[in-house]
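Overview (structure and organization)
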Amino acid sequence: MARYIFITGGVVSSLGKGIASAALGALLQARGYRVRLRKLDPYLNVDPGTMSPTQHGEVFVTDDGAETDLDLGHYERFTGRPATRMDNITTGRIYTNIIAKERRGDYLGATVQVIPHVTDAIKSFVLNGNDDVDFVLVEIGGTVGDIEALPFFEAIRQLGNELPRGNVVYIHLTLMPYIPAAGELKTKPTQHSVKELRSIGIQPDILLVRADRPVPAEERRKMSLFCNVRETAVIQALDVATIYDVPIAYHKEGLDTEVLAAFGIDPAPAPKLERWLQVVDGIANPEGEVTIAIVGKYTGLKDAYKSLIEALQHGGIANRVRVNLDWIESEVFEKEDPTPYLERVNAILVPGGFGERGSEGKILAAKFAREHKVPYFGICFGMQMAVIESARSLAGIEDAASSEFGPTKEPVVGIMTEWLKGNELQQRAEKGDLGGTMRLGAYEARLKDGSRIAQIYGSTEISERHRHRYEVNRSYRDRLEAAGLSFAGMSPDGLLPETVELVDHPWFIGVQYHPELKSRPFEPHPLFASFVEAALVRSRLV
Ligand code: GLN
């Protein structure tokens, strides 16, 4: 039977609960256990799909087409195990299900209440489908004390009693702030946070304490005493140079040993951490560097591009170089000449995006890359903008545009209302709901034999994750191909363009999907490895 580890956060948000959970998952995996990570999000949105990336960061898409919290990206990158739609749930989804049941009359006259109906729904979500794993790590979003998170805390409290003795461990992640005037790390916020947690019936077994400097033994003793946690179970989580160092750092501090001890499991033998040591070594000791411009719209908030940043770093590991990112707001190019911004970079990437604002700037970035033979990687929106650029500049379709920006005579990129998923027809209304209605999740594509992209993948059949509403319009294919833009990848039915590449260019590739979602530190995605390599080649030329 699976054992459960609940990870809660206290004091402040943004302490890195997602990475802490993912790193612990990786450590247990390195000891040969099978792990699964799940996230409970207390907000009312049904999923993060309709939230602005500036509010909530990237929307992570699973193979089975769920729009989920970005922490699921960390879970996948650290464990290599693909997440599913069953690994993330929100208050909004739970209520949607409960209210639908109530309307059907399934509650047979009962008064429907937070306890037991909402808490039961949360518990059944947490317990469902864990037969094939040894440990289920459940991260609770938000911070202890949040009103909206109360039903989740209540549910995990109940599980502590309902599951067999010794099958549940609670970990609480807190912060020790350093007060310069006193020259001390303070324990009081942690004490208060644990007090709050205990007042709702949860006694943490382990405290994971974030601090910007080592926690003195005296402070550790104090937290142990006041928070009723064993001294060895007060674990410091110091800042590290790269997130991939976290599993190694936690192991050194004894987190995995303490977790196993809390379950009554013998901690021998030690975990196998070779692959993490290799990743960290690759990042810490690069043999060169490249600079890549990311021309996007949410460049102020790096969380909006989480998987992308990681995938580029993985590409760096594959080539043993440091990848410097030069963030550029695409709107700048609508007022200023891009040359001074782009002539000094080794490659240009235009990532996914939505809406007209900044789109002309992205088109100009693609134009610069094409004309100056700078490696160009267009992802989703970045591919669509590159196709519009080629249509205008190479195929003479001056008014080429996307119908995402309003009615157009030349919808080189157009709304898609019908497509196939396997053998199943998917249909959407043009002005239907925005939530959960895009082309989402894993779809296969066929790559033209001998194309650049087929060489990079080493295969002509691929499967990648999608998240888009618009599509390059295949009725322009012949004209664009005649002008030098090859439609190298198509959906298996031959109807939807999946990848494009400029024939007369060292590296100019657009993909309709999001390859960054499947890159792993120990298994860099081939497109990112190849793109960083192209940047390296370019850096040696200029
Ligand atoms: N806005 C575009 C679409 O919906 C691209 C989406 C994206 O880049 N993820 O098709």
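Residues numbered from 1 in each chain as written. Predicted model: local features only at pLDDT ≥ 70, side-chain atom pairs only at ≥ 80, totals over all residues. Heavy atoms only, no water.

1. Description of the overall build of the chain
- Helix and strand counts for the chain come out as 18 helices and 25 strands.
- In terms of overall dimensions, the chain has a C-alpha envelope of 75 × 65 × 45 Å along the principal axes.
- Evaluated residue by residue, the chain yields a buried proportion of 55% over its 542 residues.
- When contacts within the chain are restricted to residue pairs at least 6 apart in sequence, those whose partners lie at least 24 apart make up 73%.
- Per element, the accessible surface of the chain, about 22600 Å² overall, is 49% carbon and sulfur.
- Computing the positive centroid from 61 side-chain charges and the negative centroid from 73, the chain places the two 3 Å apart. (Helix = DSSP H or I, 4+ residues; strand = E, 2+ residues; numbered from the N terminus. Buried < 20%, exposed > 50% of the residue type's maximum accessible area, 1.4 Å probe, protein only. Contact = heavy atoms within 4.5 Å. Areas by Shrake-Rupley, 256 points an atom, 1.4 Å probe, with all protein chains shown as cover. Lys, Arg positive; Asp, Glu negative; His and termini not counted. Charge placed at Lys NZ, Arg CZ, Asp CG, Glu CD.)

2. Concerning the sheet that holds strand S16 (residues 400–402)
- Here three strands make up an open sheet; going across it, the order is S16-S17-S22 and the pairing mixed. The strands lining the two open edges of the sheet, one partner per strand, are S16 and strand S22 (470–472). Going from strand to strand, the sheet's axes swing by 30° on average, the running direction of each strand aside.
- Summarising the sheet, S16 and strand S17 (residues 410–415) pair through three bridges and their orientation is parallel. When the sheet's bridge partners are listed, Ala 400 is paired in S17 with Glu 410. (Pairing = 2+ DSSP bridges. Axes fitted to C-alpha atoms, helices over the stretch in contact; angles between N-to-C directions.)

3. Considerations on helix H5 (residues 114–127)
- The first and last C-alpha atoms of H5 sit 18 Å apart over 14 residues, in line with the 20 Å expected at 1.5 Å per residue.
- Three or more residues of H5 are buried, namely His 117, Val 118, Thr 119, Ile 122, Lys 123, Phe 125 and Val 126.
- Positive backbone phi, approximately 75°, marks Gly 129, located one or two places after H5. (Expected span 1.5 Å × (residues − 1).)

4. Concerning the site of the ligand
- Around the ligand, the neighbouring residues are Gly 352, Gly 353, Phe 354, Cys 380, Phe 381, Gln 384, Glu 404, Arg 467, His 468, Arg 469, Tyr 470 and His 514.
- In isolation the ligand offers 300 Å² of accessible surface; the protein chains occlude 99% of this area.
- For the shell around the ligand, the elements supplying multiple residues, two or more each, are helix H15 (381–393) and strand S21 (461–468).
- Per-class residue counts for the shell around the ligand are four nonpolar, five polar and three charged. (Near = heavy atom within 4 Å. Nonpolar A, V, L, I, M, F, W, Y, C, P; charged D, E, K, R; others polar.)

5. Some details on the pairing of strand S24 (residues 497–502)
- Burial runs high along S24: six of the six residues are buried.
- The pairing of strand S23 (residues 485–490) with S24 spans four bridges and is antiparallel. Each bridged residue has a counterpart across the sheet, and for Ser 486 the counterpart in S24 is Glu 501.
- The hairpin turn running from S23 into S24, its antiparallel successor, is six residues long, and Gly 494 in that turn takes a positive phi close to 75°.
- In the sheet, S24 pairs with strand S25 (residues 508–511) via three bridges, with the strands oriented antiparallel. Across the sheet, residue Thr 499 finds its bridge partner in S25, namely Val 511.

6. With respect to the packing of aromatic side chains
- Across all of its chains, the model carries 16 aromatic pairs by this definition.
- Considering the side-chain rings of Phe 6 and Tyr 170, the 5.7 Å spacing of their centres and the 25° angle between planes classify their relative orientation as stacked. Taken together, the residues span a long stretch of sequence, with Phe 6 in strand S1 (residues 3–9) and Tyr 170 in strand S7 (residues 168–175) at a distance of 164 residues. Each member of the pair Phe 6 and Tyr 170 is classed as buried.
- Of the aromatic side chains, those joined through ring pairs into one cluster are Phe 78, Tyr 244, Trp 276 and Phe 522.
- Just above the ring of Tyr 178 sits the side chain of Arg 213; from NZ or CZ to the centre is 3.3 Å.
- Across from the ring centre of Tyr 443, 4.3 Å away, lies the NZ or CZ of Arg 439, which sits over that ring. (Phe/Tyr/Trp six-rings, centres within 6.5 Å; stacked < 30°, edge-to-face > 60°. Lys NZ or Arg CZ within 6 Å of the ring centre and 35° of its normal.)

7. Some remarks on a nonpolar patch on the surface
- There is a patch of nonpolar side chains on the surface, built from Val 537, Leu 541 and Val 542 and spanning about 320 Å² of accessible area.
- Residue position: Val 537 is located in helix H18 (residues 526–541). (Patch = residues over 30% accessible without salt bridge, like charges linked within 9 Å, V, L, I, M, F, W, Y side chains within 5 Å. Salt bridge = Lys/Arg side-chain N within 4 Å of Asp/Glu carboxyl O.)

8. A short note on the UniProt feature "binding site: L-glutamine" (unreviewed entry) in the chain
- Here the UniProt feature "binding site: L-glutamine" (unreviewed entry) sits at Gly 353, Phe 381, Gly 382, Met 383, Gln 384, Glu 404 and Arg 469. Of the residues just listed, which span 117 residues, no C-alpha pair is farther apart than 14.1 Å, and they cluster in one region.
- With respect to the secondary-structure elements, Gln 384 resides in helix H15.
- A relative accessible area of 2% means that Gln 384 is categorised as buried. (UniProt positions renumbered as here; feature names shortened; annotations may be inferred.)

9. Let's talk about unusual backbone geometry
- Residue Pro 116 follows Ile 115 across a cis peptide bond; omega there is 15°.
- With respect to the helices and strands, Pro 116 occurs in helix H5.
- Of note, the bond from Ala 268 into Pro 269 is cis; its omega dihedral lies within 30 degrees of zero at -10°.
- Following the sequence through the fold, Pro 269 ends up in the loop between helix H10 (255–263) and helix H11 (274–284).

10. Points about the side chain of Glu 219
- Here Glu 219 shows up in helix H8 (residues 217–227).
- Other than its neighbours up to four places away in sequence, Glu 219 contacts Met 176, Leu 185 and Thr 187.

11. So, the pattern of salt bridges
- Inspection of every chain in the model, using the stated rule, returns 40 salt bridges.
- Note that Asp 87 and Arg 38 form a salt bridge whose closest N and O atoms lie 3.4 Å from each other. With a gap of 49 residues between them, Asp 87 in the loop between helix H3 (71–79) and strand S5 (88–90) and Arg 38 in strand S2 (residues 35–41) connect regions that are remote in the sequence.
- Here Arg 38 falls in the buried class, since its relative accessible area comes to 1%.
- Ionic contacts of the salt-bridge type, sharing partners, join the residues Lys 39, Asp 41, Asp 69, Asp 71 and Glu 139 into one network.

12. Regarding the nonpolar core
- Formed by 57 residues in total, the largest nonpolar core has its most connected members in Ile 5, Phe 135, Leu 137, Ile 171, Leu 208 and Tyr 250.
- Residue contributions to this core peak at eight residues, all from helix H1 (residues 17–29).
- Among all residues touching Ile 171, those that are not within four sequence positions of it are Ile 5, Phe 6, Ile 7, Thr 8, Leu 24, Ile 206, Leu 208 and Val 259.
- Counting residues in each nonpolar core, the second largest holds 37 residues, with Phe 381, Ile 397, Phe 405 and Tyr 470 among its members. (Core = buried A, V, L, I, M, F, W, Y, C linked by side-chain atoms within 4.5 Å.)

13. Points about the sheet that holds strand S20 (residues 439–447)
- Here nine strands make up an open sheet; going across it, the order is S13-S12-S14-S15-S25-S24-S23-S20-S21 and the pairing mixed. The open sheet has two edge strands, strand S13 (322–329) and S21, and neither has a second partner. Across the sheet, the mean angle separating the axes of adjacent strands is 25° when strand polarity is ignored.
- Set on the sheet, H18 makes contact with strand S12 (289–296), S13, strand S14 (347–350), strand S15 (376–379) and S25; between it and S12 the angle comes to about 115°.

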